Amino acid sequence: MSNAPALSDLDNAAVPRLSGSDNSLPRFLGHPRVKSTRVEVVVVAGVEHIDGGPRTAVVVGAGIVGLSTAWFLQERGVDVRVVDRTGVAAGASWGNAGWIAPGLAIPLNEPAVLRYGLRSLLNPSAPLHIPLRSDPRLWAFLARFAANCRWSSWTRAAQANLPLNEECVEAFDVLTANGVEAPTIEAPITAGFRTSRQAEGLLRELRRLAEVGQPVAHTELSADELRDHVPVASAALTAGVRIDGQRYLDPGGFVRALARSVVARGATMHTFEVVDVRANRGGVTVHRGNGKALVADVAVLATGAWLSPLASRWGVRVPVRAGRGYSFTVPVDRPVPGPVYLPDVRVACTPYQGALRVAGTMEFRDPDAPGVPARLASIIAAARPLLDGVRWEERRDVWVGPRPVTPDGRPLVGAVRAPGVYVAGGHGMWGLAHGPVTGRLLAEQITTGKQPAALRELDPLR
């Protein structure tokens, strides 16, 4: 169900080489929207490095998080190799909704989700689906998730995500201003509801975000105002909320452009499955099932929903599970000017290649399991009464991808117990929005040896 390109497709891409001055730390720090930082820089063989920092790195994972980390490591003078078992954007990065939406990066673990999840166990068409089968690890994960479905844990997760939300748009601007040739599009996200009472649920969530330090600009909409923003809204939608200051993009196109930029800046790409990462005084060794291992000063594990098997060997006890989402693209009779959110049925819609990408559901299942057609049918059944002029039967680009979910609503970003080994993952539904800023912060920690304040609550050894 995925259209992700192989890494080999990028190895031979006709991309221009950037000069040494284009691959420099001062250029990044001098970007007009980036805050200045004092660093000690040395020049070795014409390349600028953080003094005492690593010279080489292997990044395992070619999604938005891994490639962003690779890009910002290169910006700090580190020679990078990227490894993925399948290809660029092969996990959750290709078919998601494509929202850069800090105003809606709301932690999943609120108390209402626990009540809703318990009800959904007996409803296979519910937006949140947990298969009733014997999987001790899944049930252990869900027990930890349930324990975190309280307001104190939700508040801690929301506060932990604040630095990522505050910096995420700026991090995308740094990338697109410095060689990543893919646009991000400014547009409000418009949420539609059957009644104003239903809209109050989202408004309460926005007020809670404001209480923890993240005010979100928004406007309540009447039925007529809603239809001005969402031309395909049906008569069933009578109220809306417009969330301003957001963006969207073509996620697969952006991640491929990011990969091309990483290659143009000197990275080499490899396609194989990593079976082990070992650390010693001389650096780290990344092992494949067969063939020559890769050796570097540091390794970054950014394997999304597949993070736990490798990371757990190095003291990471917070599990990551696949919360799988589905998407597809459908033609529309009327252009849709910006993203559309249907909170009550957990469906997100995004303008995409002249049509509409429709994404939804949260399915806790093995990340490599085949897609379940019933999940697509449930998305269509939920959204069809709310949208007019959508040609559901002509859908294409059907996709399922595993979003990496943690039980406490906080990503895992930083150093583990093995010297020179770092992890970056567990962003849940907000991996695309938080990928670049995560890569920037982690590259800072790797090259300076100091944990940024923004990463303290995301410590993978918590």
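Everything quoted here is computed from the prediction, not taken from an experiment. (Residues numbered from 1 in each chain as written. Predicted model: local features only at pLDDT ≥ 70, side-chain atom pairs only at ≥ 80, totals over all residues. Heavy atoms only, no water.)

Chemist: Could you clarify how one ought to interpret the overall build of the protein chain in this entry?
Modeler: Across its full length, the protein chain carries 12 helices and 23 strands. Counting the 462 residues in the protein chain, one finds 58% classified as buried. Long-range contacts, defined as pairs at least 24 residues apart, comprise 77% of the intrachain contacts of the protein chain with a sequence gap of at least 6. Carbon and sulfur atoms form 52% of the exposed surface of the protein chain, whose accessible area is close to 18,400 Å². (Helix = DSSP H or I, 4+ residues; strand = E, 2+ residues; numbered from the N terminus. Buried < 20%, exposed > 50% of the residue type's maximum accessible area, 1.4 Å probe, protein only. Contact = heavy atoms within 4.5 Å. Areas by Shrake-Rupley, 256 points an atom, 1.4 Å probe, with all protein chains shown as cover.)

Chemist: Quick question: what am I supposed to make of the sheet that holds strand 7 (residues 185-186) here?
Modeler: Where strands meet in a sheet, backbone hydrogen bonds hold them as pairs that are either parallel or antiparallel. The strand order across the open sheet built from three strands is 5-11-7, with neighbouring strands paired in antiparallel fashion. Two strands lie at the open edges of the sheet, namely strand 5 (99-100) and strand 7, each paired on one side alone. Here strand 7 runs beside strand 11 (residues 247-248); their pairing, made up of two bridges, is antiparallel. Opposite E186, over in strand 11, you have R247 as the bridge partner. (Pairing = 2+ DSSP bridges.)

Chemist: Even after reading the chapter, I still don't get the pairing of strand 21 (residues 396-405), so can you show me in this structure?
Modeler: Here is the key point about a regular strand: its side chains alternate between the two faces of the sheet. In terms of burial, strand 21 is a largely internal element, seven of the 10 residues being buried. Here strand 17 (residues 321-330) pairs with strand 21 via eight bridges, running antiparallel. When the bridges of strand 21 are listed, R324 appears paired with P402.

Chemist: What am I meant to see in the packing of helix 3 (residues 64-75) against helix 9 (residues 251-264) here?
Modeler: Between helix 3 and helix 9, whose axes approach to 10 Å, the crossing angle comes to 30°. Here helix 3 lies roughly parallel to helix 9, going by the angle between them. Crossing angle aside, the handedness with which helix 3 passes helix 9 is left-handed. On helix 9, the residues touching I64, L67, S68, A70, W71 and Q74 of helix 3 are F254, V255, L258, A259, S261 and V262. Its residues assigned to classes, the contact of helix 3 with helix 9 shows nine nonpolar, three polar and no charged. (Axes fitted to C-alpha atoms, helices over the stretch in contact; angles between N-to-C directions. Parallel < 35°, antiparallel > 145°, perpendicular 65-115°, else oblique. Left-handed = near helix turned anticlockwise from the far one by under 90°. Nonpolar A, V, L, I, M, F, W, Y, C, P; charged D, E, K, R; others polar.)

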